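Examination of the molecular architecture
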Amino acid sequence: MGSNTSICCGSKTKKQFVSGGEQSSTWRLFTYKELHAATNGFSEEYKLGEGGFGTVYWGKTTDGHQIAVKKLKTINSKAEMEFAVEVEILGRVRHKNLLGLRGYCAGANQRLIVYDYMPNLSLLSHLHGQFTGEMRLNWKKRINIIMGSAEALVYLHHEVTPHIIHRDIKASNVLLDSNFEPLVADFGFAKLIPEGVSHMTTRVKGTLGYLAPEYAMWGKVSESCDVYSFGILLLEIVTGRKPIERLPGGVKRTITEWVDPFIATDQLSNLVDHRLQGQYDDFQLRRILHAAARCVQSEPDRRPSMRKVLAILQGNAAAADPVKNRKLADDFAEKDASSQAISDVVAPGMIRIKSVKYQEELMAMDDEGGEEGEEDLELTRSGSDGASVYGVFGAIEVQRVSHGYGQQVVSRRTALRG
Ligand SMILES: Nc1ncnc2c1ncn2[C@@H]1O[C@H](COP(=O)(O)OP(=O)(O)OP(=O)(O)O)[C@@H](O)[C@H]1O
Ligand SMILES: [Mg+2]
């Protein structure tokens with residue numbers, strides 16, 4: 001892979017060359033003045049949303065191109081690192097289902113990342129946000145989003161060199177273009193994996209309901225953390241439910257806990273998002289549930305690779321296909337005899353979904369403030385000086401994001417110390 005840099009109309013334009021061919025998209029440096037003008041001075045009305053590290057604004061460049069500008073909130077060493085990682089990684093990747101970089105601005109006190117604007121916003125806004133009532137996502141669109149997102153992860157895990165772990169797979173990071181084609185976004189938390197390294201212990205960053213247990217507990221990162229998060233995303237897409245819901249009385253229920261009884265009693269039609277009004281394909285549903293059940297296993301080594309997950313979803317994994325192999329559950333249970341992880345035999349071909357139990361204290365943390373059932377938890381593990389530390393929850397700084405879906409309020413506090 002090579003690259004060339006040229007000065008064009010006062011802006012630096014970087015073109016990407018991959019395997020001898022020039023990629024269609026290019027990225028360039030933007031000036032702060034230009035982005036300030038494009039977003040009407042980063043005005044509230046232009047605000048698209050707010051995440052853990054920045055606020056995203058809609059904008060229009062002088063040549064009429066619609067953009068989304070992520071303005072990093074704080075410029076400290078941690079944010080600088082996120083920025084550097086995101087720019088570096090986004091500059092490298094090219095895939096139809098990954099949101100590429102349009103450019104960036106690195107002024108003395110500002111860090112801004114520029115993307116193409118996605119008119120259908122994020123998957124989150126359709127499942128639980130401002131578009132919920134409109135039901136723009138029929139079954140076919142949902143399948144396309146699942147397949148495209150899986151392909152993006154196959155590319156990151158298996159095809160790009162060095163391989164990339166995303167680390168923040170969730171509904172708000174799957175954006176939708178005007179045709180509802182999914183584009184996986186936000187590589188700020190991704191990490192380039194050196195050749196021959198299977199996993200790394202590193203800083204935890206993610207959203208609680210999607211977090212693999214070994215990542216939440218020990219900061220242990222591997223591709224299988226993304227596989228776990230993808231399994232949760234699969235369940236979210238077919239059920240239309242949130243990864244963690246708060247029941248009346250304040251009890252928290254994970255999506256896996258909600259789904260499993262329907263599989264156990266062979267009532268699959270009752271777990272499908274009722275907004276679809278029964279318009280779904282039963283074979284596809286069974287494959288999705290099978291893939292999800294394998295993705296969300298608590299032991300990372302037992303989770304399939306994204307290649308395998310994609311094959312299951314496509315119905316190309318004959319031995320692991322709940323449709324073609326009606327004895328699959330028995331086979332799976334037999335191989336699994338030593339473990340209690342997944343052992344029950346239910347409807348033909350189906351395997352049970354076991355739930356990861358997050359620590360009680362962790363689940364309790366989103367009890368204060370915020371609207372009922374409208375919250376996600378984010379975790380950032382860092383030392384008091386901002387340096388990464390490893391270990392148990394005692395050192396985790398918790399960042400709580402209350403989703404008003406469209407308006408998000410972020411509050412930070414240090415929790416579970418001592
Ligand atoms: N390119 C884009 N086009 C349209 N909307 C976007 C774009 N990028 C982000 N958004 C909107 O802005 C919101 C906030 O995005 P942001 O990435 O800052 O936060 P997040 O995804 O909720 O959390 P995280 O910081 O963990 O990624 C998204 O949910 C989405 O609705
Ligand atoms: Mg995001």
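These figures come from a predicted structure and were not determined experimentally.

**Quick word on the overall build of the chain**
Tallying secondary structure elements over the chain gives 11 helices and 20 strands in all. Put simply, the chain has 418 residues, and 42% of those count as buried. Residue pairs in contact within the chain that sit at least 24 positions apart in sequence constitute 60% of those at least 6 positions apart.

**Comments concerning the pairing of strand β6 (residues 66–72)**
The sheet contact formed by strand β5 (residues 54–60) and β6 spans 7 bridges and is antiparallel. In the sheet register, G59 faces β6, and the bridge partner there is I67. Between β5 and β6, which pair antiparallel and follow one another directly, the connecting turn spans 5 residues, one of which, G64, has a positive phi of 90 degrees. Bridge analysis of β6 against strand β8 (residues 111–116) gives 5 bridges, and the strand direction is antiparallel. Of the residues in β8, the one forming a bridge with I67 is D116.

**Considering the site of ligand 1**
In the vicinity of ligand 1, 23 residues are found, and the nearest of them are G49, G51, A68, M118 and S172. Elements with a minimum of two residues in the shell around ligand 1: β4 (47–50), β5, β6 and α3 (123–127). In the shell around ligand 1, the residues fall into 11 nonpolar, 8 polar and 4 charged. Here the shell around ligand 1 spans two domains, since at least three of its residues come from each of domain 1 (4–117) and domain 2 (123–380).

**Section: the UniProt feature "binding site: ATP" (unreviewed entry) in the chain**
When the UniProt feature table is mapped to this numbering, "binding site: ATP" (unreviewed entry) covers K71. By the secondary structure assignment, K71 is in strand β6. Overall, K71 belongs to the buried group, with 20 C-beta atoms counted inside 10 Å. The contacts of K71, once residues within four sequence positions are left out, are F42, G54, T55, Y57 and L112.

**Notes on the packing of helix α6 (residues 223–239) against helix α7 (residues 255–264)**
Interhelical geometry of α6 versus α7 gives an angle of 65 degrees and a closest axis separation of 10 Å. Classified by chirality, the crossing of α7 by α6 is left-handed. In contact with I232, L235, E236 and T239 of α6, α7 contributes I255, T256 and V259. Among the residues forming the contact of α6 with α7, the class breakdown is 4 nonpolar, 2 polar and 1 charged.

**Some details on helix α8 (residues 282–295)**
Along an α-helix, a turn takes 3.6 residues, which lines up residues three or four apart on a common side. Taking 1.5 Å of rise per residue, the 14 residues of α8 would be expected to cover 20 Å, and the 20 Å separating its terminal C-alpha atoms lies within 8% of that figure. With 10 of its 14 residues buried, α8 lies for the most part within the structure. R286, R287, I288, L289, H290, A291, A292, A293, R294 and C295 are the residues of α8 that are buried. Packing partners of the buried residues in α8 comprise α4 (139–159), α6, α7 and α9 (306–314).

**Details of α6**
Given a rise of 1.5 Å per residue, 17 residues ought to cover 24 Å, and the 25 Å separating the end C-alpha atoms of α6 matches this to within 8%. Burial within α6 is extensive, with 16 of its 17 residues counted as buried. The first or second residue beyond α6 is G240, which carries a positive phi of 75 degrees.

Each value, and the rule that gives it
- Residues numbered from 1 in each chain as written.
- Chains lettered and ligands numbered in written order.
- Predicted model: local features only at pLDDT ≥ 70, side-chain atom pairs only at ≥ 80, totals over all residues.
- Helix = DSSP H or I, 4+ residues; strand = E, 2+ residues; numbered from the N terminus.
- Buried ≥ 20, exposed ≤ 12 C-beta atoms within 10 Å, placed from the backbone.
- Contact = placed C-beta atoms within 7 Å.
- Pairing = 2+ DSSP bridges.
- Near = placed C-beta within 6 Å.
- Nonpolar A, V, L, I, M, F, W, Y, C, P; charged D, E, K, R; others polar.
- Domains from an automatic or database assignment.
- UniProt positions renumbered as here; feature names shortened; annotations may be inferred.
- Axes fitted to C-alpha atoms, helices over the stretch in contact; angles between N-to-C directions.
- Left-handed = near helix turned anticlockwise from the far one by under 90°.
- Expected span 1.5 Å × (residues − 1).

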